[in-house]
Amino acid sequence: MKYCLIRERKSPPDLRCPLNPEQASAFAQSSPNISIWAEPSPYRCFSDAQFLSRGIELVENNSAQIYLGIKEVPPLDLIPNSTYFFFSHTIKRQAHNLKLLQEVLKRNIRLIDYECIRDSQGQRLIGFGFYAGVVGAYNTLRTFSLKTLQQPLPHTNKLKSQTEMDLALQTWSVSDVRLLLTGKGRVAQGALSILNKLNFKEKDSIVTG
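Structural notes, computed from the coordinates. This structure is a prediction, so every number in the text was calculated from the model and none was measured.

Notes on the packing of helix H4 (residues 130-147) against helix H5 (residues 162-170)
One way to put it is that H4 packs onto H5 with a least axis distance of 12 Å and a crossing angle of 30 degrees. Classed by the angle they form, the pair H4 and H5 counts as roughly parallel. In the crossing of H4 with H5, the sense of the turn from one axis to the other is left-handed. In contact with Tyr131, Val134 and Tyr138 of H4, H5 contributes Gln162, Met165, Ala168 and Leu169. Among the residues forming the contact of H4 with H5, the class breakdown is six nonpolar, one polar and no charged.

Focus on the sheet that holds strand E4 (residues 83-86)
Hydrogen bonds along the backbone pair up the strands of a sheet, which may run parallel or antiparallel. Strand order in the open sheet formed by five strands is E2-E1-E3-E4-E5, and the pairing between neighbours is parallel. Of all strands in the sheet, those bounded by a partner on one side alone are strand E2 (35-38) and strand E5 (110-113). Sheet twist, expressed as the mean angle between neighbouring strand axes with direction ignored, is 20 degrees. Looking at chain direction, E4 and E5 are connected through four bridges and run parallel. Opposite Phe86, over in E5, you have Asp113 as the bridge partner.

Focus on the packing of aromatic side chains
Centre-to-centre distance and the angle between the planes together describe a pair of aromatic rings. Under the defined criterion, the tally for this structure stands at seven aromatic pairs. Taking the centre distance of 6.0 Å and the plane angle of 70 degrees together, the rings of Tyr84 and Phe86 count as edge-to-face. An identical accessibility class is assigned to Tyr84 and Phe86; each is buried. Through pairs of rings, three or more aromatic residues link up here, namely Tyr67, Tyr84 and Phe86.

Here we look at the layout of surface pockets
Space inside the largest pocket adds up to approximately 1800 Å³. Forming the walls of the largest pocket are 42 residues, and the residues nearest its centre are Asp14, Leu15, Arg16, Tyr131 and Val135. Where the lining of the largest pocket is concerned, the elements lending two or more residues are H4 and H5. Here the lining of the largest pocket takes seven residues from H4, the largest share from any one element. Of the voids in this model, the second largest pocket is the one considered here, and its volume is about 170 Å³. Taken together, Gly133, Gly136, Ala137, Thr140, Leu141, Leu179, Leu180, Leu181, Val187, Ala188, Ala191 and Leu195 make up the full set of residues lining the second largest pocket. Elements represented by at least two residues in the lining of the second largest pocket include exactly H4, strand E6 (178-180) and helix H6 (186-197). It is H4 that provides the largest number of residues to the lining of the second largest pocket, a total of five residues. Looking at the lining of the second largest pocket, its residues break down into nine nonpolar, three polar and no charged.

So, empty space enclosed by the protein
Per the stated rule, a full pass over the model turns up two cavities of 30 Å³ or more. A volume near 60 Å³ is recorded for the largest cavity. In terms of lining residues, the largest cavity is bounded by Ile6, Arg7, Glu8, Asp14, Arg16, Cys17, Pro18, Ser41, Tyr43, Arg44 and Ile70. Here the residues of the lining of the largest cavity sort into five nonpolar, one polar and five charged. As a volume, the second largest cavity reaches approximately 30 Å³.

Comments concerning the pattern of salt bridges
Where charged atoms from two side chains of opposite charge come close, those side chains can pair. Applying the stated criterion across every chain yields a total of ten salt bridges. As a salt-bridge pair, Lys71 and Asp14 come within 3.6 Å of each other at their nearest N and O atoms. Linking Lys71 in the loop between strand E3 (66-68) and E4 with Asp14 in the loop between strand E1 (2-5) and helix H1 (21-29), this pair joins segments that are 57 residues apart in sequence. The exposure class assigned to Asp14 is buried, which follows from its relative accessible area of 12%. The closest approach of N and O atoms between Arg107 and Glu103, which form a salt bridge, is 2.7 Å. With a relative accessible area of 18%, Arg107 lands in the buried category. With relative accessibility at 9%, the residue Glu103 sits in the buried group. Linked through salt bridges whose partners overlap, the residues forming this network are Asp14, Arg16 and Lys71.

Criteria and thresholds
- Residues numbered from 1 in each chain as written.
- Predicted model: local features only at pLDDT ≥ 70, side-chain atom pairs only at ≥ 80, totals over all residues.
- Heavy atoms only, no water.
- Axes fitted to C-alpha atoms, helices over the stretch in contact; angles between N-to-C directions.
- Helix = DSSP H or I, 4+ residues; strand = E, 2+ residues; numbered from the N terminus.
- Parallel < 35°, antiparallel > 145°, perpendicular 65-115°, else oblique.
- Left-handed = near helix turned anticlockwise from the far one by under 90°.
- Contact = heavy atoms within 4.5 Å.
- Nonpolar A, V, L, I, M, F, W, Y, C, P; charged D, E, K, R; others polar.
- Pairing = 2+ DSSP bridges.
- Phe/Tyr/Trp six-rings, centres within 6.5 Å; stacked < 30°, edge-to-face > 60°.
- Buried < 20%, exposed > 50% of the residue type's maximum accessible area, 1.4 Å probe, protein only.
- 1 Å grid on protein atoms, 1.4 Å probe; cavity = no way out; pocket = protein on both sides within 12 Å on 5 of 7 lines; lining within 4 Å.
- Points joined across faces, edges and corners; volume = space filled by probe spheres on them.
- Salt bridge = Lys/Arg side-chain N within 4 Å of Asp/Glu carboxyl O.

Take it as geometry only, folks, not as evidence of what the structure does.
Right under this line is the structure:
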């Protein structure tokens, strides 16, 4: 079975990748019947060199059977008679992606949408969770820093890891601010973890600083 980690083509391009170089290498070694390569990309959070260092070839062709991505693939870039994994943003009947679904059918493509992958209890396995809350809270604080003319936090696309985000937060402080955090689920817990790093104090469902 031939797999390809596709280059994100939506504009602006997403920096994420379904598998990091180590995971791609381990997957390739899990079976002699599996081969995997990556399309070269100037945007991906993992460089082409990192994939090459793990033995993952950089190939730009259409000979794979399964293509792994993150965001929607532009309809005209879809490879006929193949399988795609990505977030299609169509399950809620989003009108702006109707053409994408039509092209999927026209080109005899099997589309596996991450949003539709569920466990035996019907719970989504891939979706917004703890780290969505982390990034959401961080971006909220960054916007606040820009609006209040404080030293701005770096943009998330400049940060390569949770460690780099933590280091950025260590150089930034805020006082006399009250925040309302709604919900108690995974996303809320991720947001709360960022606020705790800045020594916000939780009071019931209200977090104050």
